[in-house]
Amino acid sequence: MDGFLTQHILYIVMGVAFFVYTFLYGPILGSGSVFPLLAKEDHERKAILHSVAPFWDGAGVWLIAAAVVMWGAFPQSYATLFGGFFLALFIVLVFLLLSIASIELYIKDETRRNFWKNAYFVGNLVPSLLFGVALGNVVMGIPLNEELWYTGDFFTLLRPYALLVGLLGFTILITHAMGYILIKVEGEVIERAQNVLKISNSIFLMLFVIFVFWTHHMFEGLSIFYWIVSALIVLLSAAMFFVKSFHFWVSTLILLLSWILIGLIQYPFVIRGLSDNGITLFNNSSSPVTQTAMIVILAVGLPFVILYTYYSYFVFRGKFSGKEQLY
Amino acid sequence: MELLLARIHFAMATTFHFIFPPITIGLSFLILLFQTLYLLKGKEVYNEISKLLVKILAVIFVVGVVTGFTLSFAFGMYWSKFSKIAADLIGITITAEGVFAFFLEGVFIGLLLFGQNKLPKSMYWFSALMVFLGTHLSAFFILATNSWMQTPAGHEIIRNATGQIDKIIIVNWFEAIFNPSTMARMLHTTVACWITASLLVSAVAAYYMIYKKNMELANTMFRISFIVFALSSFAQFFTGHLQAMVAYKYQPAKVAAFEAMWDTQRGPNIPMSIIAIIDEKNQRNIINIELPFLNSLLYGTEFFPPHLDLNIEIKGIKEFVKTMEDGTVVKEHPPVAITYYTFRIMIFLGTFFAILGIIGLFLLYKNRIDNIKFLKAVLHSWPLPLIANTAGWYTAEIGRQPYIIYGVLKTKDSLTPNLNAFTVLLTIIVLLSLYLFLSYVAYYLITKVIKNFNQGAEEVPASEPIKEV
C-alpha cells in the first residue's frame, strides 16, 4: 500500500480507537466522577462497580491501542505529546491507576473500603477533566520548536479554550455514564442518575454552542461538514431530554460525532503547532512497511476483538443491584 | 542528572512490573492445566484448585495491569527520542501485542474471574485457554521488542546531515520480530514464569499440608504443581544455555561481564568463574575462584545445530574500551560488577531450584511428601523465583549498556529533551509509594484468600442471581 493511503487509514483508526475508549471506558470515568452523588450505600456502590467490573480491562485497552497506533504510525506526535505533556500525563496516569485498582479492590479489600471508594471518585474525576484539557490543547495548537518538540510548560496547557474542551469532555463523559447506569443498574441509584444526567447534559449543550462559535472564530476555512456535524450534536443533546430509554445510545452517537468533529478541525494535523508549523500525518509517519504491517495486524485482529467483546457483554447482560455474588 | 533519574525511574517501574506478570503468566498456565484435567476427568477437586488460583490471579492481575499501564506511558514520557527513533519496530510489535494479546486477556480475564457460575464448563475452559494464550502472546511480543533492542535485525539506519541517527526503518519485519535472540529469550522467560507460579502454588499447597487444612485439595495441588516446577527448573538450564550462546555470538561485551573476564582468553581450557571480588576501577579481580575448562565447554557446545568445538575465544572486557583520537576514553561495555553479580544470583538460585526439584521428585516417588522440613523449605522458597527473575532481567538489561539498542543507539541519546530532574524525582517518589502500597494490599489480600479458603465450602450463598432483562 502506498504511504498516502496507509497514513489516512491509520489516522482514522487512531480516531476510532479514541472513540471506542470513550464509548466503553466512559461509563467508568463518568460514574466515578460523580460517585459520591450517585451512591450513598455500600450496596449501591457495589452495584455500580459490579456493572463495570467484568469489562474494565477490555475497555481500558482501547486507550493503549490508541496510544500505540499513534506511536507506531506517527512517532513524532507520540514523542512530542508524551514527552511534552509530561507532568499533566503523569497526573492522569497516577489517578487512572487508582481508578483501575479501586474497581476490584473496593469489592475485595473490606478493611480499606473507604479509601477505595474515594480512589474510584478522584481516580476518575481527574482524568475525566484532564483528558479533555489535553485534547483542547492539541486542537488549538501548542508551541513547538523547529524539530517539532514541545517548548511550553505545564501552565501553557491551562488556556481558556483548552479548559472549555476539558469541561465539554467532562460533561459528556458523565452524561454517557449516566445512560449506562440507567440500563445496567437497578435501585435508587437510577433516580439520582436521571437527575445528574439532566444537569450534565444541560451544561454540555450550553458549553458546546460556545465551543462551536469559538472554534469557528479561531480557524478559518472550516467546511460545511463542520456545521452539519455540530448541528447534529446540538440536536442529539437536546433530544436527550425527551428520550425515555435510549440515553446511552444517544450519548454514544454524540461521542462518535464529537470525534468526527475533532477530526474535521484537526485534519491534516495530528498535533497543531502555535505558529504555522505542526505535526501532520505527512511529516511524521513511520515507514510504509511498518504502516502496512500495522494495518494487516489490525484487519486480522480487530474482528475477533469485536466478536469476543460483544460476547462478554452478552454473558454479563442484565442489571446489577449490588447484592449479587459476583465472585 | 536527568539521565540517571530517568534510569532509576525505569528500573523501578520495570522491577515492579516484572514481579506480577510472571506470576500471572505462570498462573494462567496452571489454571488451564487444572481446568483441562477437570474437563477430562470431571473430578471436582481440580475445579476447586482452579477456583483458588483464579482468586489469587484476580489480585495479581490488577497490579500487573497497573504497573504495565505505567510503562506504556513511560516510554513516551521519559524516553521520547528512543520512542521516535525505534517506532518503526515498536509500531509492529506493540500493535500486534495490543490487538492479539491485550484485548484477548483483557476480555477473557473478565469471563474467567466472574463467569464461573454463568458459563458452561466447556466455555469456561475456553476462557482459561484464551487467557493463557493472551498472557503468553503478550510476553512474546514484548520480548520480541526487547530482543530486537538486544540483537537488532531487519532494519536500516537513517542518519541526518550531522551523522546522528534520525530514525530506524524496518525493511524486513519478519527478521526484526524473529531476530537472533527472540526465541531463546521467549523460552527462557516463559519457563521462568512457570517456575515462579508453580513454586508459588506448591508453597500454598505446602502451607495447607503443614497446617493440615484442605488436605485432599492440597495433595493434588502439590503433586501437579510441583512436577511442573521440577520439570521447568530442569528445562531452564537448557534455555539458559541457548540465551548465553546468543549473547556469546551477538553481545560479546555482555559475556565478558558475565564472566568478569578482563583479558581475552583462547583455547580449550578457559575456566569459569564461580565467585569473584571485582575491582572495576583497576580492571581486575581481587579474588577469583574458578573451575577449569568449564567455560570452553559451555560456550563451545551448541544444540542447534549440534556442534562441539572446545577451541574457542572469549573476548575480554578491555577490548571494549576505546581511546578516541582526541584522547577521550569510551567504554563500550556494561558495568561489570553489577552484571556479574546479578548473573551469579540467577545461576545460584536456578541451581537451587533444580536441587529442590530433584529432592521433591524423589520424595514424591517414595510417597513421603508429608516430610515437614521439605514442606517448609518449599513454603519459604516462594519469593526466590521473583529474585531470580529480577536478577536475570538486570543481567540482560544492564548487560546491554551503554546501549539502549545494542550497537545502534546509546541510552544517553534516547532521553526526552528538556526533561526536568526535579519533576522526574517527584514521579519516582509518587509512583514508588503507590506501588509499595498496592504490593502491600495485594500481599494482604492473597494471604487472606489462602487462609480463608475452605475446600467444598465455596460459593454457597449465591444470594441473588443477576437478573435478566
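Only a predicted model underlies this, so the values are computations on that prediction, with no experimental measurement involved.

1. Let's talk about the overall build of chain B
Phase 1: Across its full length, chain B carries 15 helices and 12 strands.
Phase 2: What you see for chain B is a C-alpha radius of gyration of 24 Å, in line with the 23 Å of a compact globule of 469 residues.
Phase 3: Out of the 469 residues belonging to chain B, those deemed buried represent 48%.

2. As for the overall build of chain A
Phase 1: From N to C terminus, chain A includes 12 helices and 2 strands.
Phase 2: Counting from the amino terminus, helix and strand elements in chain A follow one another as α-α-α-α-α-α-α-α-α-α-α-β-β-α.
Phase 3: Relative to the 2.2 N^0.38 estimate, which gives 20 Å for 327 residues, the radius of gyration of chain A is 20 Å and therefore close to what a compact globule would have.
Phase 4: Seen through its C-alpha atoms, chain A measures out along the principal axes to roughly 55 × 40 × 35 Å.
Phase 5: The buried share of chain A, reckoned over its 327 residues, is 56%.
Phase 6: Counting contacts in chain A only where the partners sit at least 6 residues apart, residues at least 24 apart contribute 81% of the total.

3. So, unusual backbone geometry
Phase 1: Residue Pro-268 of chain A is reached from Tyr-267 of chain A by a cis peptide bond, and omega for that bond is 0 degrees.
Phase 2: Its location among the elements puts Pro-268 of chain A in the loop between helix H11 (247-266) and strand S1 (269-272).
Phase 3: Across the junction of Gln-401 of chain B and Pro-402 of chain B, the peptide omega takes the value 5 degrees, indicating a cis bond.
Phase 4: As for its placement among the helices and strands, Pro-402 of chain B is situated in the loop between helix H14 (384-398) and strand S11 (403-405).
Phase 5: Located in the positive-phi region is Ala-260 of chain B, a residue other than glycine, with phi close to 50 degrees.
Phase 6: Within the secondary structure, Ala-260 of chain B is located in the loop between helix H10 (252-258) and strand S3 (265-267).

4. Some thoughts on helix H1 (residues 3-33) of chain A
Working note: α-helix, 3.6 residues per turn, so residues spaced by three or four point in the same direction.
Phase 1: Bending of H1 of chain A peaks at approximately 60 degrees at the position of Tyr-25 of chain A, with proline Pro-27 of chain A no more than four residues after it.
Phase 2: Among the 31 residues of H1 of chain A, 24 are classified as buried, and the element is accordingly described as predominantly covered.

5. Looking at the interface of chain A and chain B
Phase 1: The interface is formed by 60 residues belonging to chain A together with 59 residues belonging to chain B.
Phase 2: Contributions of two or more residues to the side of chain A that touches chain B are made by helix H4 (56-73), helix H5 (75-84), helix H6 (86-108) and helix H12 (288-315) of chain A.
Phase 3: By residue class, the composition of the side of chain A that touches chain B is 39 nonpolar, 13 polar and 8 charged.

6. Quick word on the nonpolar core
Phase 1: Counting 262 residues, the largest nonpolar core has Ala-17, Trp-62 and Ala-66 of chain A together with Leu-53 of chain B as the members making the most contacts within it.
Phase 2: Here Leu-53 of chain B is in contact with Leu-27, Leu-30, Ile-31, Phe-34 and Val-201 of chain B, once residues within four sequence places are set aside.

7. As for H5 of chain A
Phase 1: Of all 10 residues in H5 of chain A, 10 are buried, a share of seventy percent or more.
Phase 2: Buried within H5 of chain A we find Pro-75, Gln-76, Ser-77, Tyr-78, Ala-79, Thr-80, Leu-81, Phe-82, Gly-83 and Gly-84 of chain A.

8. What to know about the environment of Leu-89 of chain A
Phase 1: Structurally, Leu-89 of chain A is set in helix H6.
Phase 2: Sequence-wise, Leu-89 of chain A and Trp-259 of chain A are 170 residues apart; in three dimensions their C-alpha atoms are separated by 20 Å.
Phase 3: In contact with Leu-89 of chain A, other than residues within four places in its own chain, are Phe-82 of chain A together with Phe-73 and Met-77 of chain B.

9. Re the pairing of S1 of chain A
Residue and element names in this part refer to chain A.
Phase 1: Alignment of S1 against strand S2 (residues 278-280), held across 3 bridges, turns out to be antiparallel. Bridge pairing links Ile-271 to Ile-279 in S2.
Phase 2: What sits between the antiparallel neighbours S1 and S2 is a turn of 5 residues.

10. Some remarks on the packing of helix H1 (residues 2-17) of chain B against helix H15 (residues 421-452) of chain B
Residue and element names in this part refer to chain B.
Phase 1: Between H1 and H15, the shortest axis-to-axis distance is 9 Å and the interhelical angle comes to 15 degrees. When the interaxial angle is binned, H1 and H15 end up roughly parallel. Here H1 and H15 pass one another in a crossing that is left-handed. For the pair formed by H1 and H15, the contact residues are Glu-2, Leu-5, Ala-6, Ile-8, His-9, Met-12, Ala-13 and Phe-16 on the first element and Ala-421, Val-424, Leu-425, Thr-427, Ile-428, Leu-431, Leu-432 and Tyr-435 on the second.
Phase 2: Counted by class, the contact of H1 with H15 contains 13 nonpolar, 2 polar and 1 charged residues.

11. Re the packing of helix H3 (residues 44-78) of chain B against helix H9 (residues 215-250) of chain B
All names here are of chain B.
Phase 1: One can describe the packing of H3 onto H9 by two numbers: an axis separation of 10 Å at closest approach and a directional angle of 80 degrees. Considering their axes alone, H3 and H9 lie roughly perpendicular with respect to each other. In contact with Val-45, Glu-48 and Ile-49 of H3, H9 contributes Glu-216, Leu-217, Thr-220 and Met-221.
Phase 2: Of the residues that constitute the contact of H3 with H9, the class distribution is 4 nonpolar, 1 polar and 2 charged.

12. A short note on the environment of Phe-35 of chain A
Residue and element names in this part refer to chain A.
Phase 1: With respect to the secondary-structure elements, Phe-35 resides in helix H2 (residues 35-38).
Phase 2: The spacing of Phe-35 and Pro-54 is 19 residues in sequence and 19 Å in space, taken between C-alpha atoms.
Phase 3: Apart from residues no more than four positions distant in its own chain, Phe-35 is found in contact with Tyr-120 and Phe-121.

13. Re the pairing of strand S5 (residues 284-291) of chain B
All names here are of chain B.
Phase 1: Note that strand S4 (residues 272-279) and S5 share 7 bridges and pair antiparallel. By the bridge assignment, Ile-278 is partnered in S5 with Asn-285.
Phase 2: Connecting S4 to the antiparallel partner S5 that follows it, the hairpin turn spans 4 residues, and Gln-283 within it adopts a positive phi of roughly 55 degrees.

14. Some words on the confidence of the model for chain B
Residue and element names in this part refer to chain B.
Phase 1: Put simply, chain B has an average pLDDT of 86, and 97% of its residues get 70 or more.
Phase 2: In this model, residues 459-469 is a region of pLDDT below 50 whose contacts with residues beyond four sequence positions or in other chains number 19 contacts.
Phase 3: Taken together, the chains of this predicted complex give a pTM of 0.86 and an interface ipTM of 0.83.

15. Describing the environment of Thr-323 of chain B
Residue and element names in this part refer to chain B.
Phase 1: When you line up the elements, Thr-323 lands in strand S9 (residues 321-323).
Phase 2: Among the residues examined, Thr-323 registers 9 C-beta atoms within 10 Å and is labelled exposed.
Phase 3: When the C-alpha positions of Thr-323 and Leu-363 are compared, they lie 59 Å apart, and in sequence the two are 40 residues distant.

Conventions adopted
Residues numbered from 1 in each chain as written. Chains lettered and ligands numbered in written order. Predicted model: local features only at pLDDT ≥ 70, side-chain atom pairs only at ≥ 80, totals over all residues. Helix = DSSP H or I, 4+ residues; strand = E, 2+ residues; numbered from the N terminus. Rg over C-alpha atoms; globule rule 2.2 N^0.38 Å. Buried ≥ 20, exposed ≤ 12 C-beta atoms within 10 Å, placed from the backbone. Contact = placed C-beta atoms within 7 Å. Bend = angle between axes of the 7 residues up to and from the residue. Nonpolar A, V, L, I, M, F, W, Y, C, P; charged D, E, K, R; others polar. Core = buried A, V, L, I, M, F, W, Y, C linked by C-beta atoms within 7 Å. Pairing = 2+ DSSP bridges. Axes fitted to C-alpha atoms, helices over the stretch in contact; angles between N-to-C directions. Parallel < 35°, antiparallel > 145°, perpendicular 65-115°, else oblique. Left-handed = near helix turned anticlockwise from the far one by under 90°. pLDDT = per-residue confidence, 0-100.

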